[in-house]
Amino acid sequence: MRDQKIVVWFSCGAASAVAAKLTIEKYGKDNTVIVVNSPVKEEDEDNRRFLLDVEKWIGQKIELAINDKYPSCSAVEVWNKRKYMSGIAGAPCTVELKKEARYQWEKINKPDWHVLGFTVTEKKRHDLFVISEVPNVIPILIDANLTKGNCFEILNNAGIKLPRIYSLGYPNANCIGCVKATSPTYWNHVRKVHPEVFKQRAEQSREIGCRLVRVKGRRMFLDELPAKSTGQSMKNISFECGIFCEITN
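Residues numbered from 1 in each chain as written. Predicted model: local features only at pLDDT ≥ 70, side-chain atom pairs only at ≥ 80, totals over all residues. Heavy atoms only, no water.

(A) Broad picture of the overall build of the protein. The secondary structure content of the protein amounts to ten helices and six strands. On the principal axes, the C-alpha backbone points of the protein span a range of 55 × 35 × 30 Å. Across the 249 residues of the protein, 54% fall into the buried class. For the protein, the share of sequence-separated contacts (at least 6 apart) that also reach a separation of at least 24 residues comes to 72%. Of the roughly 11,800 Å² of accessible surface on the protein, 52% is carried by carbon and sulfur atoms. (Helix = DSSP H or I, 4+ residues; strand = E, 2+ residues; numbered from the N terminus. Buried < 20%, exposed > 50% of the residue type's maximum accessible area, 1.4 Å probe, protein only. Contact = heavy atoms within 4.5 Å. Areas by Shrake-Rupley, 256 points an atom, 1.4 Å probe, with all protein chains shown as cover.)

(B) Local environment of the pairing of strand 1 (residues 5-9). When you tally the buried positions in strand 1, you get four out of five residues, the bulk of the element. Sheet analysis places strand 1 next to strand 2 (residues 32-37), joined by five bridges and oriented parallel. If you follow V8 over to strand 2, its bridge partner there is V35. Following the backbone out of strand 1, through helix 1 (residues 14-27) and into the adjacent parallel strand 2, one traces a crossover that is right-handed. Bridging between strand 1 and strand 4 (residues 113-115) involves three bridges; their strand directions are parallel. Directly across from I6, in strand 4, lies its bridge partner W113. (Pairing = 2+ DSSP bridges. Right-handed = clockwise from strand over helix to strand, strands pointing away.)

(C) Spotlight on the nonpolar core. With 59 residues, the main nonpolar core has F10, V35, I58, L141, L155 and W187 as its most contacted residues. The element that contributes the greatest number of residues to this core is helix 1, accounting for eight residues. Non-local contacts of F10, meaning those with residues more than four positions away in its chain, are made with S16, A17, V35, V36, N37, S38, F50, L51, V54 and I62. Counting 13 residues, the second-largest nonpolar core is a separate cluster that includes V7, W9, F118 and F129. (Core = buried A, V, L, I, M, F, W, Y, C linked by side-chain atoms within 4.5 Å.)

(D) Quick peek at the pattern of salt bridges. Using the criterion set out here, one finds 19 salt bridges in the structure. We note a salt bridge from E25 to K21, for which the minimum N-O separation is 3.9 Å. With a gap of four residues between them, E25 and K21 both fall in helix 1, about one helical turn apart. Classification of E25 by relative accessible area gives exposed; the value is 56%. Salt-bridge contacts for D223 lead to R206; the nearest nitrogen and oxygen are separated by 2.7 Å. Within this pair, whereas D223 is found in the segment after strand 6 (218-220), its partner R206 is found in helix 10 (residues 195-208), the two being separated by 17 residues in sequence. With relative accessibility at 44%, the residue D223 sits in the partly exposed group. On the basis of relative accessibility, which here comes to 37%, the residue R206 falls in the partly exposed class. Members of the salt-bridge network, linked through shared partners, are K99, R102, E106 and E133. (Salt bridge = Lys/Arg side-chain N within 4 Å of Asp/Glu carboxyl O.)

(E) Region of interest: the environment of Y170. Locating Y170 in the fold gives a position in the loop between helix 8 (164-167) and helix 9 (184-193). A residue is classified by how much of its surface remains accessible, and Y170, at 6% relative accessible area, is buried. Of note is the side chain of Y170, whose polar atom sits 2.9 Å from the side chain of H194. (Polar contact = N/O pair within 3.5 Å; in protein donor to acceptor, adjacent residues only side chain to side chain.)

Shown next, in the form of structure tokens:
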């Protein structure tokens, strides 16, 4: 491959950081590799520190892709304007702050190839993205047979501290209180670790009329969630705030 423009979509997560590094190493000499992040205000503030550390590691600046309709990059603002948080139609925060931001960036920059942080255990998600979004994807981590755990190890060996959100028990570097999650385990974790965020999500979802959590098959408001309710373990909860939207239990 030569003289191609490759965009790596960096989510401030471990996998997409390693994907950026490998893409630059493999394709950077003969192609233009651009690493792009779509920031979200409600992410943990340490994600910014991680982004700067990754910039030093990969040897280039990370560009920002921002939807011009939402310059604040705030998911809360999106929910307020759309009067919708999450459901069968997905989550509007992902649509506006990730997907639409990507579309606007692509329209200007016209990349030939896309790289995302899909690991070898996420091949189904990769295949769905190829079918539903764009076919021109380089599965850099899948080809390298790398898991998320392998990506953690690579970053650790490089001396890069993972985003703080992982050490707080969350499964990924998404926003705190991600509305795509329906697990009572997840939401009670948010209530314990970030009670102020839980309170905010509970109040806003009640005002909008969105039942974010599912307990024993029944949707309910966060302020109805029993404090001891559990579902699957946190390590088995899989949802990402990538450049397409999906809802998971």
